[in-house]
Amino acid sequence: MEAIGFNIPGLISQFINFGLFLVLLSAILYKPVTRMLDQRAERIRDALSEAERAREESARSGEEVQQALAEARERAQQIIQQAQEVGQRMESDARDQARRDSEAMTERARQDIQRARDDAIEEVRREFAGLAIVAAERVINRSLDHDTHRSLVEEVLREAESTPAGGGA
């Protein structure tokens, strides 16, 4: 084989060197590199799964935010509606109170008018009694004693009460 240029002991030593080089390379470089590549692949898978979880979480959070916004809008509408109802109720209560106050004032005015009318009638009766006494004294042309005076006044008042208002006496 040497005639063709093969050196068998050199070839064997080359094979042994190559085998040792492969063993050394496998022990020193290949295993750490493959371990590093496996770790990197694992980190990439973890990062991808974390990104997927984050995306799902984001989508879920977005849905929760939309739901919370919808609930907040609905609650705001309820509050607005309640405020309007309270406002209408207060307005109605104020109207009712104003009506009651007006009716009370009208009733007090009626009572005041009735009291003033009764006072005026009483005053007219006293005036009438006084005039009647003066007229009676002039007609009789004498002064009446106290008992006669009282009985005459009572008689005139009784007659005035029995005579309808506006009827001539």
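Just so it is clear, the structure is predicted and the values come from calculations on it, not from any experiment.

K.L.:
Is there a simple way to think about the overall build of the protein in this case?
P.N.:
Helix and strand counts for the protein stand at two helices and zero strands. Counting only residues that meet the buried cut, the protein has 4% of its 169 residues in that class. With an accessible surface of roughly 14600 Å², the protein has 57% of that area assigned to carbon and sulfur atoms.

K.L.:
Would you take a moment to explain a nonpolar patch on the surface for this structure?
P.N.:
A contiguous nonpolar patch, built from Phe18, Phe21, Leu22, Leu24, Leu25, Ile28, Leu29, Val33, Met36 and Leu37 and spanning about 950 Å² of accessible area, is present on the exposed surface. Relative to the assigned elements, Val33 resides in helix H1 (residues 8-140). Judged by relative accessible area, Val33 falls into the partly exposed class, the value being 33%.

K.L.:
I'm lost on the pattern of salt bridges in this one. Help?
P.N.:
Two side chains bearing opposite charge may form a pair once their charged atoms approach each other closely. Enumeration according to the criterion identifies ten salt bridges in this entry. Arg55 serves as the salt-bridge partner of Glu52, at 2.3 Å between the closest nitrogen and oxygen. Of the two residues, Glu52 and Arg55 are both situated in helix H1; the distance of three residues between them amounts to about one turn of the helix. Among the charged side chains, a salt-bridge network with shared partners connects Glu122, Glu123 and Arg126.

What counts, and where the lines are drawn
Residues numbered from 1 in each chain as written. Predicted model: local features only at pLDDT ≥ 70, side-chain atom pairs only at ≥ 80, totals over all residues. Heavy atoms only, no water. Helix = DSSP H or I, 4+ residues; strand = E, 2+ residues; numbered from the N terminus. Buried < 20%, exposed > 50% of the residue type's maximum accessible area, 1.4 Å probe, protein only. Areas by Shrake-Rupley, 256 points an atom, 1.4 Å probe, with all protein chains shown as cover. Patch = residues over 30% accessible without salt bridge, like charges linked within 9 Å, V, L, I, M, F, W, Y side chains within 5 Å. Salt bridge = Lys/Arg side-chain N within 4 Å of Asp/Glu carboxyl O.

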